[in-house]
Amino acid sequence: MFELKRILSFSLICINLLFAFSMAISPVSAAEQVTLNIYNWGEYISDGSDDTVDVNKAFEEKYPHIKINYINYASNEDLYGKLKAGGSSYDVIFPSDYMISRMIEENMLEKIDVSKLENYKYIDDRYKNLEYDPNNEYSVPYSVGMVGVIYDSTKVVSEDTGSWNLLWNEKYKGQILNFNNSRDAFATAQFLLGKSVNSDDKADWLEALEKLKEQKPLLQGYVMDEVFLKMQGGNAAVATYYAGDFLTMYSENDDLAFYYPKEGTNFFVDAMCIPKGSKNIEEAMLYIDFLLSEEIAVANAEYICYASPNTLVPQNEEYIEYIQEMHPDALEILYPQATAFRTESYLNLSEEMRRYESQLWEELMSYGSQDAGIYILSIVLAVGILTLWITASIRKRRLSKY
């Protein structure tokens, strides 16, 4: 009996030692595991496909006690509605400039102490202290870019390029595409007319509406991601879209060319924010800082093809080689060093002006006898989108954004 007790006692000591050792090498218990809820645009982070870096997996490997729950949304309005309705808890979101401004006004965001972000020093000063977040208190820039004009060089005379007027040129009637969202579409007319895209003067918006009504008979249609199918396939001559997406189109059709209109254009920022009420602010800060590190920032910039606000990215040799393979002028297009034209970001409009904009957009959509044809075209184009996704790796992150 005595020997049995000694054996049992020795066994118990061994078990306790093994347990202590296991805790030493695996200090994180199940109770300390954290699930970080990330809410982002679709196709807006490098995900491991096509031999790319799987950013979320890499983060989990670096921080084993954190598990990523990654969810997508289709528009800023979807994001806003989900957060406003409550019932869902997110830790990091990626809204656009004007929506950040709105969320700040409505006390929907936590403040971010950027001094605690080791890699914040790499954010270009050009993307700090912007109007939507003047003191850099609520957001950290993730992706930036500008809107420009894309044209088929086999169809458009070079002398006609350089201005927003190309989208109103009767010579290309039936071959012109404009945005199928109100904010971007109105901006094409507002920049051409020399108006602010954030004007609170209804007369300015009404003047832009009349300009868009003048344009409508010349259009082949209003499009969003359908623009890829039309321009890559040579089925339209002129379109306006985002610079980064031009590079994707060019990879499928090298007859396409691009310019920023001389009258000015929209400059946009998508940024990382922490929603009010996040239960994992410390882990959210780790995630944001991780996305600012060089390897991860480069991987994301290569994947989404938009410009990066991170100064390390356009200096990275791997990135330079990759992006120049897409287009010889890719760096100049994405990172223009100086612009001879004005740029303006979208800011949050007042509730009254948002309602007025929506009213004018509905009026434009119902204007003219050719509307039915445009809507039929949109339906036909929609059928082809599935094929487009398979063949062209479209980055669907700004659909219905405004």
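Residues numbered from 1 in each chain as written. Predicted model: local features only at pLDDT ≥ 70, side-chain atom pairs only at ≥ 80, totals over all residues. Heavy atoms only, no water.

(A) Structural context of helix α5 (residues 182-193). Taking 1.5 Å of rise per residue, 12 residues should cover 16 Å, and α5 covers 16 Å from first to last C-alpha, within 8% of that figure. Of all 12 residues in α5, 11 are buried; the element is thus mostly enclosed. When α5 is considered as a whole, its buried residues turn out to be S182, R183, D184, A185, F186, A187, T188, A189, Q190, F191 and L192. Just beyond α5, the residue with positive phi is G194, at close to 80°. (Helix = DSSP H or I, 4+ residues; strand = E, 2+ residues; numbered from the N terminus. Expected span 1.5 Å × (residues − 1). Buried < 20%, exposed > 50% of the residue type's maximum accessible area, 1.4 Å probe, protein only.)

(B) Representation of the packing of helix α6 (residues 202-215) against helix α13 (residues 351-365) in the model. The geometry of α6 relative to α13 is characterised by a closest axis approach of 10 Å and an angle of 20° between their N-to-C directions. Classified by the angle their axes make, α6 and α13 are roughly parallel. Here α6 runs over α13; the crossing is right-handed. Here α6 contributes K202, W205, L206, L209, L212 and K213 to the contact with α13, which in turn contributes E352, M353, Y356, E357, L360, E363 and L364. Grouping the amino acids of the contact of α6 with α13 by side-chain chemistry returns eight nonpolar, no polar and five charged. (Axes fitted to C-alpha atoms, helices over the stretch in contact; angles between N-to-C directions. Parallel < 35°, antiparallel > 145°, perpendicular 65-115°, else oblique. Left-handed = near helix turned anticlockwise from the far one by under 90°. Contact = heavy atoms within 4.5 Å. Nonpolar A, V, L, I, M, F, W, Y, C, P; charged D, E, K, R; others polar.)

(C) Representation of the pairing of strand β4 (residues 140-152) within the structure. The element β4 is largely enclosed, with a buried count of 13 among its 13 residues. The pairing of β4 with strand β9 (residues 265-272) spans six bridges and is antiparallel. When the bridges of β9 are listed, V144 appears paired with V269. Sheet topology places β4 next to strand β7 (residues 238-242); five bridges connect them, and they run antiparallel. For G148, the partnering residue across the bridge sits in β7 and is Y241. Here β4 runs beside strand β8 (residues 256-259); their pairing, made up of four bridges, is antiparallel. Looking across to β8, one finds that D152 is bridged to L256. (Pairing = 2+ DSSP bridges.)

(D) Representation of the pattern of salt bridges in the model. A complete count under the given rule lists 15 salt bridges for this structure. Among the ionic pairs, E207 bridges to K195, the shortest N-O distance being 3.3 Å. Placement of the pair is E207 in helix α6 and K195 in the loop between α5 and α6, with a sequence separation of 12 residues. Among the ionic pairs, R342 bridges to E344, the shortest N-O distance being 3.0 Å. Note on R342: relative accessible area 31%, which makes it partly exposed. By sharing partners, the salt bridges in this structure join K84, R102 and E106 into a single network. (Salt bridge = Lys/Arg side-chain N within 4 Å of Asp/Glu carboxyl O.)

(E) Representation of unusual backbone geometry. Its identity as a non-glycine residue notwithstanding, E43 has a phi of 55°, on the positive side. Judged by its relative accessible area of 32%, E43 falls in the partly exposed class.

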